[in-house]
Amino acid sequence: MDYRKKTVVASVAGLTLEGMDIMFISFAMSMIIAQFHIDMVSGGLISSITNIGMLAGGMIFGILADKFGRVRVFTYTILLFAIGTALTGLAQNIEQVYAFRFIAGLGAGGEYGIGMALVAEAWPKNKQGRASSYVSIGAQYGVILAALLSAMILPAWGWRGLFFVGLVPVIFAFIVRRKLDESPVWVEAQKQKQLLPRQGKLKQLFADPRTSVTTIALAIMATVQIAGYNGLMIWLPSMLQQSQGLSVSNSALWTISTAVGMIAGMLTFGQFIDRFGMKRSYGMFLAASALAVFLYSYASGSAGLLIGGALVGFFSNGMFAGYGALISNYYPVEIRSTATNTIFNFGRALGGLSPILVGYILQHTNVKVAMGYLAVLYCISFIAMISLKKGKGSKKQLPVFSKVESF
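Residues numbered from 1 in each chain as written. Predicted model: local features only at pLDDT ≥ 70, side-chain atom pairs only at ≥ 80, totals over all residues. Heavy atoms only, no water.

Caption draft 1: Quick peek at the overall build of the protein chain. Within the protein chain, the secondary structure is distributed over 17 helices and zero strands. Within the span of the protein chain, comprising 407 residues, buried residues form 57% of the whole. Within the protein chain, contacts between residues separated by at least 24 positions form 84% of all contacts whose residues are at least 6 apart in sequence. For the protein chain, the accessible surface area stands at approximately 17200 Å², while carbon and sulfur atoms represent 68% of it. (Helix = DSSP H or I, 4+ residues; strand = E, 2+ residues; numbered from the N terminus. Buried < 20%, exposed > 50% of the residue type's maximum accessible area, 1.4 Å probe, protein only. Contact = heavy atoms within 4.5 Å. Areas by Shrake-Rupley, 256 points an atom, 1.4 Å probe, with all protein chains shown as cover.)

Caption draft 2: Expanded view of a nonpolar patch on the surface. On the surface, Y76, L79, I83, L167 and V170 cluster together into a nonpolar patch covering about 400 Å² of accessible area. Looking at the secondary structure, you find L167 in the loop between α6 (138–164) and α7 (168–179). (Patch = residues over 30% accessible without salt bridge, like charges linked within 9 Å, V, L, I, M, F, W, Y side chains within 5 Å. Salt bridge = Lys/Arg side-chain N within 4 Å of Asp/Glu carboxyl O.)

Caption draft 3: Spotlight on the environment of E121. Position of E121 relative to the elements: it lies in helix α4 (residues 94–122). Along the sequence, E121 and V185 sit 64 residues apart, while their C-alpha atoms lie 6.1 Å from each other. A polar atom in the side chain of E121 sits 2.5 Å from the side chain of R70. (Polar contact = N/O pair within 3.5 Å; in protein donor to acceptor, adjacent residues only side chain to side chain.)

Caption draft 4: Region of the structure containing the pattern of salt bridges. Evaluated as defined, the whole model comprises six salt bridges. E121 is the partner of R336 in a salt bridge, and the nearest nitrogen-oxygen pair spans 3.2 Å. Within this pair, whereas R336 is found in helix α15 (residues 336–351), its partner E121 is found in helix α4, the two being separated by 215 residues in sequence. The same class applies to R336 as to E121, namely buried. When the shortest N-O distance is used, the salt bridge between D274 and R130 registers 2.7 Å. Placement of D274 in helix α11 (residues 248–276) and of R130 in helix α5 (residues 128–136) is noted, with a sequence separation of 144 residues between them. For D274, a relative accessible area of 15% gives the class buried. Judged by its relative accessible area of 25%, R130 falls in the partly exposed class. A single network of salt bridges, built from pairs that share partners, joins D66, R70, E121 and R336.

Caption draft 5: Spatial organisation of the packing of α5 against α6. The interhelical angle for the contact between α5 and α6, taken along N-to-C directions, is 15°, at an axis separation of 4 Å. Regarding the angle of α5 to α6, the classification is roughly parallel. The residues of α6 that touch α5, namely those facing Y134, V135 and S136, are G138, A139 and Q140. Counted by class, the contact of α5 with α6 contains three nonpolar, three polar and no charged residues. (Axes fitted to C-alpha atoms, helices over the stretch in contact; angles between N-to-C directions. Parallel < 35°, antiparallel > 145°, perpendicular 65-115°, else oblique. Nonpolar A, V, L, I, M, F, W, Y, C, P; charged D, E, K, R; others polar.)

Caption draft 6: Expanded view of the side chain of N341. Take N341: it is sitting in helix α15. Only 3.4 Å separates the side chain of N341 from the backbone oxygen of G58, close enough to count as a polar contact. Excluding residues that lie within four positions of it along the chain, N341 makes contacts with G58, F61, G62, G109, G110, Y112, G113 and I114.

Caption draft 7: Quick peek at α5. Across the nine residues of α5, seven count as buried, placing the element largely inside the fold. Here α5 has its buried residues at Q128, G129, A131, S132, S133, V135 and S136.

Caption draft 8: Main features of the nonpolar core. Within the largest apolar cluster, 106 residues are counted, with the highest numbers of intra-cluster contacts made by L218, M221, Y282, L326 and Y331. With 14 residues, helix α1 (residues 3–36) is the largest single contributor of residues to this core. In contact with M221, not counting residues within four places along its chain, are Y282, L286, Y323, L326, S381, A384, M385 and L388. (Core = buried A, V, L, I, M, F, W, Y, C linked by side-chain atoms within 4.5 Å.)

Caption draft 9: Layout of the confidence of the model for the protein chain. Scored by pLDDT, the protein chain comes out at a mean of 80, with 87% of its residues at no less than 70. For the protein chain, α7 is the element with the lowest average pLDDT, namely 74, and helix α12 (residues 278–296) is the one with the highest, namely 92. Low pLDDT (under 50) marks residues 396–407, which in the prediction has 36 contacts with non-local residues, meaning those over four places away or in another chain. (pLDDT = per-residue confidence, 0-100.)

Caption draft 10: Representation of the environment of F81. Looking at where F81 falls in the secondary structure, it is placed in helix α3 (residues 70–88). F81 sits 20 residues away from R101 along the chain, and the two C-alpha atoms are 9.0 Å apart. Setting aside its immediate chain neighbours within four residues, F81 contacts L17, E18, D21, A104, G107, A108 and P169.

Caption draft 11: Here's a closer look at the side chain of R348. Within the secondary structure layout, R348 lies in helix α15. R348 sits in the buried class, given a relative accessible area of 10%. For R348, the side chain forms a polar contact with the side chain of N345, separated by 2.9 Å. Leave out the neighbours within four places in its chain, and R348 touches E18, N51, M54, A108, G109, Y112 and I226.

Caption draft 12: Inspection of the packing of α4 against α5 at higher detail. Axis separation between α4 and α5 bottoms out at 9 Å; the angle between their running directions is 150°. In terms of orientation, α4 lies roughly antiparallel with respect to α5. Judged by the twist between their axes, the crossing of α4 over α5 is right-handed. Residue-level inspection shows M116, V119 and A120 of α4 in contact with α5, the latter providing Q128, A131, S132, V135 and S136. Considering only residue class, the contact of α4 with α5 consists of five nonpolar, three polar and no charged. (Left-handed = near helix turned anticlockwise from the far one by under 90°.)

Following this line, the structure appears as structure tokens:
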């Protein structure tokens, strides 16, 4: 296996484990609430604290990866993520659950951007889109894996046994450290002394007005992406049960059709990026997302709901595949991990609050207003996308080692 493929396999595996861990909370939530006698608000706080940990971990480990190397720090984030997940299974009260989920979030938040930076630096520019899409689908593999493991483990060993599976990434971290060499682009940058150790990494995201506008625009886009995903996937099944009278089994079928559309959208979007470029691809998918989400509020009938759900997933969630390549494309190698982790995890933390607002809208208005709100979000992201411009430093790209074999 050559170096490019190794980076994809390592990053896919990392995101799969991350997606699996996040879904463990969803499947185990009712048992955790019953175990510690807490209300649903306190239960929902578990995910919020995990997202805050992701934001902190994204910034901390992004900086460390830019300074000390991608692979070394990547393995540390996986280990921290595994420890936090396994410790969750030992929690004796809800406060310990919060603490251990924050630790897991630190590792998960650091892992995402570092893996994306590795892929971006290993693949040539005209193939970064599809490589990024392959990695992003890893989260969907994690959802499927979590569902299968939950079905087998929860009835037999309860929610604690589910989180003990979190020790598996320790083995994965060991394999990565042994089999994956450091990014040649990062090594070359070190040799050419292009890194700027005296300047704060986070400060470099706002190094000049053009870079500042780009950082803010990308943060808005990432926030909308997460807000749209959470708003749709968490609330739409309930929306459909209420507005269309669907049964739980039929709403689950809708979830599957939307997930299938999402995977197809991710693979297609990666191809679009490589063929049409970043801004044009995002422009097409954002406009289509706003239209699809708005029109979906008028869908009716089983066929219409299933096909519409697949189309919504295809456009709105398919864009998730491009964020690793998108953010990496706008920053030079010396701050690439910092930028990817900080910006996308900021979106996770802020966009993760979207279900609260969608729930409020549904409680006081109706489904059409909620879907209209989501459509407006994609319009805002479209405007932010138009403002994207590369800063001066981002043009100092080092050559991509597309033909490097394993060392």
